[in-house]
Amino acid sequence: MRRAKFIAVAVVGFAGLAACGDTVGEQALVGAGTGAATAAATGGNLGTGAVVGGAANVAYCQANPGACRSIN
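Rules used throughout
Numbers given for residues are sequential positions, taken from 1 along each chain in its written order. At least 70 in pLDDT is required for a residue's local features to be given in this predicted model, at least 80 for side-chain atom pairs to be given and counted, and no such filter applies to totals for whole chains, interfaces and linings, which use all residues. In computing side-chain values, all of the structure's heavy atoms are included and hydrogens and water are not. Segments assigned H or I by DSSP are reported as helices when at least four residues long, segments assigned E as strands when at least two residues long, and all are numbered from the N terminus. Burial classification: accessible surface area is computed with a 1.4 Å probe over protein chains only, and a residue below 20% of its type maximum counts as buried, one above 50% as exposed, and the rest as partly exposed. Contacts were defined at the residue level, with two residues in contact if any of their heavy atoms lie within 4.5 Å. Given the number of residues in a helix, its expected span is that number minus one, multiplied by 1.5 Å. Confidence scores here are pLDDT values: one per residue, from the predictor, ranging 0 to 100. What counts as an axis is a line fitted to C-alpha atoms, over the stretch in contact for a helix, and the angles between N-to-C directions run from 0 to 180 degrees. Just so you know how the angles are binned, under 35 degrees is roughly parallel, over 145 roughly antiparallel, 65 to 115 roughly perpendicular, and the rest oblique. When the near helix sits turned anticlockwise from the far one by under a right angle, the crossing is termed left-handed; a clockwise turn instead gives a right-handed crossing. Charged residues are taken to be Asp, Glu, Lys and Arg, nonpolar residues to be Ala, Val, Leu, Ile, Met, Phe, Trp, Tyr, Cys and Pro, and polar residues to be all remaining types, Gly included. Relevant arc is that of directions from the helix axis to the C-beta atoms, nothing else. By the criterion applied in these results, polar contacts are pairs of N or O atoms within 3.5 Å in which, for protein atoms, one can donate a hydrogen and the other can accept it, and in which residues neighboring in sequence qualify only through two side-chain atoms.

Regarding the overall build of the chain
Regarding its fold elements, the chain presents three helices and zero strands. Counting helices and strands in the order they occur from the N terminus, the chain gives α-α-α. Per-residue burial for the chain yields a buried fraction of 21% across its 72 residues. Across the chain, contacts joining residues at least 24 apart in sequence account for 52% of those joining residues at least 6 apart.

See the structure below:
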């Protein structure tokens, strides 16, 4: 059971990193969703997970603007 929870958290986290969003608002929403899902999977506080996830995703995407977008 512990291994399954770890895998679920890793998948949710990596999925969030793969989808930054084009605007700061989209980046915050994607990060918040990923943070809340991770908190739910680990039994943490959903609000805290959403805030931390949103802030972290915006920070990551702003620091690495080309990391998440596909090249056409």
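There is more to say, and it comes next.
So, the environment of A36
Relative to the helices and strands, A36 resides in helix α2 (residues 24-42). Separated by 16 residues in sequence, A36 and V52 have C-alpha atoms that sit 8.9 Å apart. Beyond its immediate sequence surroundings of up to four residues, A36 is in contact with L46, G49 and A50.

Side note on α2
The terminal C-alpha atoms of α2 lie 27 Å apart, and with 19 residues this matches the ideal 27 Å at 1.5 Å per residue to within 8%. Of the positions making up α2, those classed as buried are Q27, G31, A32, T34, G35 and A39. A positive backbone phi angle near 80° is found at G43, which sits one or two residues after α2.

A few points about the confidence of the model for the chain
Close inspection of predicted coordinates is inappropriate in any region flagged by low pLDDT. Averaged over all residues, the pLDDT of the chain is 79; the fraction at 70 or higher stands at 68%. Across the chain, the element-wise mean pLDDT spans from 64 in helix α1 (residues 2-17) up to 91 in helix α3 (residues 46-63).

Digging into the packing of α2 against α3
Where α2 meets α3, the closest approach of the two axes is 6 Å, and the angle between their N-to-C directions is 135°. The orientation of α2 with respect to α3, classified from their angle, is oblique. As α2 packs across α3, the resulting crossing turns out to be right-handed. Where α2 approaches α3, its residues V24, Q27, A28, V30, G31, A32, G35, A36, A39 and A40 are matched on the opposing element by L46, G49, A50, G53, G54, N57, V58, C61 and Q62. In the contact of α2 with α3, the residues fall into eleven nonpolar, eight polar and no charged.

A closer look at α3
The end-to-end C-alpha distance of α3 is 25 Å, a good match for the 26 Å that 18 residues give at a rise of 1.5 Å each. Looking only at α3, the buried set comprises G49, G53, G54, N57, V58 and C61. Buried residues of α3, seen end-on, are gathered within an arc of 150° and therefore sit on one face of the element. Projecting away from the buried face of α3 at angles above 90 degrees are the exposed residues V51, V52 and A63. Its side-chain oxygen at 2.9 Å from the backbone nitrogen of G47, N45 defines the N-terminal cap of α3.

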